[in-house]
Structure formats: C-alpha cells, structure tokens
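# Descriptive analysis of the structure
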Amino acid sequence: MRVVIQRVSKASVSIEGQLKASIGKGLLVLLGIETADKADDIDFLVKKIVNLRIFDDANGVMNCSVLEIDGEILCVSQFTLHASTKKGNRPSYIRAAKPDVAVPMYHTFCIELEKALNKPIQTGEFGADMQVELINDGPITICIDSKNRE
C-alpha cells in the first residue's frame with residue numbers, strides 16, 4: 001500500500017459536480033492498493049497516519065498528531081499511486097490491485113482508520129471520477145509505502 005498524506009486546512013471530493021465529502025483541518029489521505037497488500041499493511045499505515053506528528057504545537061513546532069488536534073481525515077482511493085513509469089511514457093498500473101481485491105481492502109482500511117481516529121472519516125467513492133480540492137497547509141506532503149518502511 002502506498003499513501004500520500006497531505007496536511008490540509010480543508011479538503012473535499014466531488015463526483016459529477018456533487019459534493020461527496022469534505023473536511024476542515026486534518027489530513028487528506030490518497031490510498032493506492034496493490035495485489036500483494038495484506039492486513040499488516042493496513043495496520044502499519046493506519047497507526048502511522050494517526051500518530052504522525054505533523055501539526056503545530058503551542059510553540060509552532062510540528063509535534064502533534066491528527067489525534068491530538070482532534071482533526072479530520074478524508075481518504076480517497078487512487079490506484080495511480082502504483083504507476084510504473086520505468087518503460088516508455090504510458091504509465092503501467094499492473095501492480096495496482098483489481099477492484100475485487102482493492103474494494104474490500106479500501107473499505108477495511110477506512111474502517112480501521114475510523115477506529116484509530118475514534119470518529120468517522122470522510123471518503124471518496126472507489127472507482128469514481130472524482131474532483132479533489134484541497135488547501136495544503138504548510139505545504140506538508142508525506143509519502144509512505146508499507147513495503148518500504150523508512
């Protein structure tokens with residue numbers, strides 16, 4: 001699994017011009033699922049996401065997590081995070097999980113993220129053509145791959 005995490009002051013997802021979900025201060029999480037992903041990838045990323053200390057404390061130092069600031073999370077599926085651009089100019093998505101694998105993993109990921117955050121999260125719609133709007137606060141953007149735990 002790969003995630004791109006953006007600290008936002010607000011973010012939203014629209015589908016066909018209709019607002020699907022929106023959040024205020026918190027995290028926009030773009031999630032890519034590959035065929036090899038398992039439950040331990042979900043566990044690792046969920047714990048990492050809710051505990052990342054990327055929000056300012058009272059002294060203006062990034063020392064607080066989304067949990068500590070009572071922030072919100074918007075999670076959007078994005079298979080293109082597993083694009084391979086190694087050969088040619090057309091990305092290959094062969095590593096991205098097919099919907100029969102990815103949809104249950106995405107739903108499980110969102111459920112576990114809600115449990116860890118101790119409140120509901122907002123989501124996009126798996127497989128939909130979504131328009132994502134955000135104000136990246138910082139800007140702070142962090143990429144994490146559960147297979148490469150750096």
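Check the entry above for the structure.
Overview of the structure. (Residues numbered from 1 in each chain as written. Predicted model: local features only at pLDDT ≥ 70, side-chain atom pairs only at ≥ 80, totals over all residues. Heavy atoms only, no water.)

### Details of the nonpolar core
- Val3, Leu27, Ile49, Ile73, Cys75, Phe109 and Leu113 are the most contacted members of the largest nonpolar core, which has 31 residues in total.
- Elements supplying a minimum of two residues to this core: strand S1 (2-15), strand S3 (26-32), helix H1 (39-51), strand S6 (72-77), helix H2 (99-117) and strand S8 (130-145).
- Looking at this core element by element, the count peaks at seven residues for H2.
- What Cys75 contacts, discounting residues up to four positions off in sequence, is Val29, Leu31, Tyr106, Phe109, Cys110, Leu113, Ile121, Gln122, Thr123 and Gly124.
- Core analysis: the next-biggest nonpolar cluster, separate from the first, contains 13 residues, Val4, Ile15, Val76 and Met130 among them. (Core = buried A, V, L, I, M, F, W, Y, C linked by side-chain atoms within 4.5 Å. Buried < 20%, exposed > 50% of the residue type's maximum accessible area, 1.4 Å probe, protein only. Helix = DSSP H or I, 4+ residues; strand = E, 2+ residues; numbered from the N terminus. Contact = heavy atoms within 4.5 Å.)

### A short note on the packing of aromatic side chains
- Following the criterion strictly, the structure yields two aromatic pairs and no others.
- Ring centres 5.0 Å apart and planes at 75° place the aromatic pair Phe79 and Tyr93 in the edge-to-face group. Remark: Tyr93 occurs in the loop between S6 and H2 and Phe79 occurs in the loop between S6 and H2; sequence separation between them is 14 residues.
- Residue Tyr93 is classed as partly exposed on the basis of its relative accessible area of 31%. (Phe/Tyr/Trp six-rings, centres within 6.5 Å; stacked < 30°, edge-to-face > 60°.)

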